[in-house]
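The lines below spell out each chain.
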Amino acid sequence: MAVNLLDYDAAGMLALMAEFGEKPFRGKQLLKWVHQHGESDFAAMTDIAKTFREKLHAGACVKAPAMLAEQVASDGTHKWLLDVGVGNGVETVFIPEDDRGTLCISSQVGCALECTFCSTARQGFNRNLSTGEIIGQLWWANRRLSNETARIGEVTNADSRIVSNVVLMGMGEPLANYDNVVRALRLMLDDNAYGLSRRRVTLSTSGLVPAMDRLRDDCPVALAVSLHASNDRIRDEIVPINRKYPIKELLAACNRYLDKAPRDFVTFEYIMLEGVNDQPEHARELLDIARQVSCKFNLIPFNPFPNSGYNRSSRDAILRFRDVLADGGNVVTVRKTRGDDIDAACGQLAGQVKDKTRRVARLSESQQVVFHKRGHES
Ligand code: SAH
């Protein structure tokens, strides 16, 4: 079977060149062609010897997931559903802003963690994405967006990178797919590939403590942590991985991470759920957390999805909450909801997940119960 060059970071490429009986520098050339020029046709790689190109043609390919659907929101946010085989699809979102373009990429087909407010969790878990499927989202987005802007005459150079920032905040828990995610991160940072600075690549985790420690040593990038609760009682409930790694251990891991992180703070993501975690007393509990870790807060208004069972906190409640944090000397932002008219906002990415875990069966059973009750009532 042909090897997919998108699966190889610099070290992997070196080993692959040895297998092909080629000099190490060919690996760098290939990385540049594939990732910087977005080239998938070996015939076009003109500075590579013809005999090697023929070998590549016979034994390798450059294959990103194919696009199944594209939606563009009224605010310019793009959402792509990408085909990852046998009926499975993952979603990738591009968020254009004045001074940057952020790509939000997925790391798994579905998710095995059971955060109660997240629509990806409802889909259940199918499998980890390969390195090629993760980096393929960036490869594909750059290609697609440069074609688009070239068409409307904004960019003449087909090489110009449109995506300036990457966030691993799409479907899945990136640290639960550690090896493939780290290889993809290395490609994002590699000067022969995307050359993004560590500060412009953010990994978001629900708090897998041992993997946070590994990442710190292997490939530290900017870190966001889905905190979402100010105490263990609430977090145990809505982010169940907290029962394994409670807040105290999570904060200690954040501090260890900061020793080597490219930024001197962790971003705590905090979803605003009406009547669950949005009261001033919760904000005051967060002040105590903020004294223990150098951090910024990003408040995320809950994005609804069918049968979620939650409501978004009111604008007033969010602003009151923000003020308590800010008055306590913290940097707080309220995440703008982007692309919600195409269900591209945080927690709305559902993709297509086949062969899910039993959780989905359980859920649909319980939804059916609700259904019956309603049917009965009406
Ligand atoms: N598993 C990782 C990466 C996913 S990031 C993590 O948990 O961090 C997606 C972000 O959106 C997380 O902060 C997640 O908690 C948040 N989110 C999930 N569901 C949401 C919803 N319905 N509304 C708003 N944000 C949500």
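For the structure itself, look to the data block above.
Structure report, in brief. These numbers were taken from a predicted model, which means no experiment stands behind them. (Residues numbered from 1 in each chain as written. Predicted model: local features only at pLDDT ≥ 70, side-chain atom pairs only at ≥ 80, totals over all residues. Heavy atoms only, no water.)

## Quick look at the overall build of the chain
Logical step 1: Summing up its helical and strand segments, the chain has 12 helices and 14 strands in all.
Logical step 2: By residue count, 54% of the 378 residues in the chain fall in the buried class.
Logical step 3: Pairs at least 24 residues apart make up 66% of the contacts formed inside the chain by residues separated by at least 6 positions.
Logical step 4: Accessible surface, the chain: about 17400 Å² in total, of which carbon and sulfur atoms supply 49%. (Helix = DSSP H or I, 4+ residues; strand = E, 2+ residues; numbered from the N terminus. Buried < 20%, exposed > 50% of the residue type's maximum accessible area, 1.4 Å probe, protein only. Contact = heavy atoms within 4.5 Å. Areas by Shrake-Rupley, 256 points an atom, 1.4 Å probe, with all protein chains shown as cover.)

## A word on the side chain of Ser 206
Logical step 1: Tracing the backbone through its elements, the reader meets Ser 206 in the loop between strand S10 (201-205) and helix H7 (209-218).
Logical step 2: For Ser 206, a relative accessible area of 5% puts it in the buried group.
Logical step 3: Look past the residues within four positions of Ser 206 in its chain and what remains in contact with it is Leu 113, Glu 173, Ser 226, Arg 235, Val 239 and Ile 241.

## Side note on the pattern of salt bridges
Logical step 1: For the structure on display, the rule yields 16 salt bridges.
Logical step 2: Across the pair Arg 100 and Glu 97 runs a salt bridge, and its minimum N-O distance is 3.4 Å.
Logical step 3: Assessed through its relative accessible area of 29%, Glu 97 is described here as partly exposed.
Logical step 4: Notably, a salt bridge pairs Arg 100 with Asp 99, separated by 3.9 Å at the nearest N-O pair.
Logical step 5: Three or more residues are tied together by salt bridges with common partners; here these are Arg 216, Asp 217, Asp 259 and Lys 260. (Salt bridge = Lys/Arg side-chain N within 4 Å of Asp/Glu carboxyl O.)

## Some thoughts on the nonpolar core
Logical step 1: If you look at the biggest cluster of nonpolar residues, it comprises 106 residues, and the most contacted ones within it are Phe 117, Leu 185, Met 188 and Phe 268.
Logical step 2: Among the elements that take part in this core, helix H6 (residues 178-189) stands out by supplying eight residues, more than any other.
Logical step 3: Of the domains in this structure, domain 1 (3-61) and domain 2 (66-365) are the two that each give at least three residues to this core.
Logical step 4: In this structure Met 188 touches Ile 105, Ile 135, Leu 138, Val 166, Leu 168, Tyr 194, Gly 195, Leu 196 and Val 201, once residues within four positions along its chain are discounted.
Logical step 5: Ala 73, Val 93, Ile 95 and Ala 344 belong to the second-largest nonpolar core, a separate cluster that totals seven residues. (Core = buried A, V, L, I, M, F, W, Y, C linked by side-chain atoms within 4.5 Å. Domains from an automatic or database assignment.)

## Details of the sheet that holds strand S13 (residues 295-301)
Logical step 1: In spatial order, the strands read S3-S4-S5-S6-S9-S10-S11-S12-S13-S14; together these 10 strands make up an open sheet with mixed pairing. Each edge of the open sheet is held by one strand with a lone partner, namely strand S3 (66-72) and strand S14 (332-334). If you compare each strand with its neighbour and ignore which way they point, the axes differ by 20 degrees on average.
Logical step 2: Packed onto the sheet, H6 meets strand S9 (165-168) and S10 and runs at close to 160 degrees relative to S10. (Pairing = 2+ DSSP bridges. Axes fitted to C-alpha atoms, helices over the stretch in contact; angles between N-to-C directions.)

## Notes on the packing of aromatic side chains
Logical step 1: Evaluated as defined, the whole model comprises six aromatic pairs.
Logical step 2: One aromatic cluster is present, formed by Phe 302, Phe 305 and Tyr 310 through successive ring pairs.
Logical step 3: For the cation-ring pair, Arg 214 lies above Tyr 178, with the distance from its terminal atom to the ring centre recorded as 3.9 Å.
Logical step 4: It is Lys 296 that lies over the ring of Phe 265; its NZ or CZ is 4.1 Å from the centre. (Phe/Tyr/Trp six-rings, centres within 6.5 Å; stacked < 30°, edge-to-face > 60°. Lys NZ or Arg CZ within 6 Å of the ring centre and 35° of its normal.)

## Brief notes about the site of the ligand
Logical step 1: With respect to spatial proximity, 21 residues lie near the ligand, and among them Phe 117, Ser 204, Ser 226, His 228 and Asn 303 are the closest.
Logical step 2: In this structure, Gly 172 approaches the ligand through a main-chain N or O atom, which is 3.1 Å from a nitrogen atom.
Logical step 3: Contacts to the ligand include Asn 303, whose backbone N or O atom sits 2.9 Å from a nitrogen atom.
Logical step 4: For the ligand, the accessible surface in isolation is 540 Å², of which the surrounding protein chains cover 95%.
Logical step 5: Elements with a minimum of two residues in the shell around the ligand: S10, strand S12 (266-272) and S13.
Logical step 6: For the shell around the ligand, a count of residues per class yields 10 nonpolar, nine polar and two charged. (Near = heavy atom within 4 Å. Polar contact = N/O pair within 3.5 Å; in protein donor to acceptor, adjacent residues only side chain to side chain. Nonpolar A, V, L, I, M, F, W, Y, C, P; charged D, E, K, R; others polar.)

## What about the environment of Leu 5?
Logical step 1: Here Leu 5 lies in the loop between strand S1 (3-4) and helix H1 (10-20).
Logical step 2: Judged by its relative accessible area of 0%, Leu 5 falls in the buried class.
Logical step 3: Those residues in contact with Leu 5 that lie beyond four places of it in its chain are Met 13, Leu 16, Leu 30, Val 34, Phe 42, Ala 60, Cys 61 and Val 62.

## What to know about the state of the cysteines
Logical step 1: Scanning the model with the defined rule gives zero disulfides in all.
Logical step 2: Free cysteine: Cys 111, not disulfide-bonded; nearest cysteine sulfur from Cys 115 at 6.6 Å.
Logical step 3: A disulfide-free cysteine, Cys 295 has its sulfur positioned 8.7 Å from the sulfur of Cys 254, the nearest such atom.
Logical step 4: Cys 295 sits in the buried class, given a relative accessible area of 11%. (Disulfide = S-S within 2.5 Å.)

## Section: H7
Logical step 1: Taken residue by residue, H7 has Val 209, Ala 211, Met 212, Leu 215 and Arg 216 as its buried positions. All buried residues of H7 fall inside an arc of 155 degrees around its axis, so they share one side.
Logical step 2: Packing partners of the buried residues in H7 comprise H6, S10, strand S11 (222-226) and helix H9 (247-258). (Arc of directions from axis to C-beta.)

## Description of the environment of Gly 124
Logical step 1: When you line up the elements, Gly 124 lands in the loop between helix H4 (119-123) and strand S8 (125-128).
Logical step 2: Taking the C-alpha atoms as reference points, Gly 124 and Gly 172, separated by 48 residues in sequence, lie 9.9 Å from one another.

Spatial relationships are all this shows, so hold off on functional conclusions.
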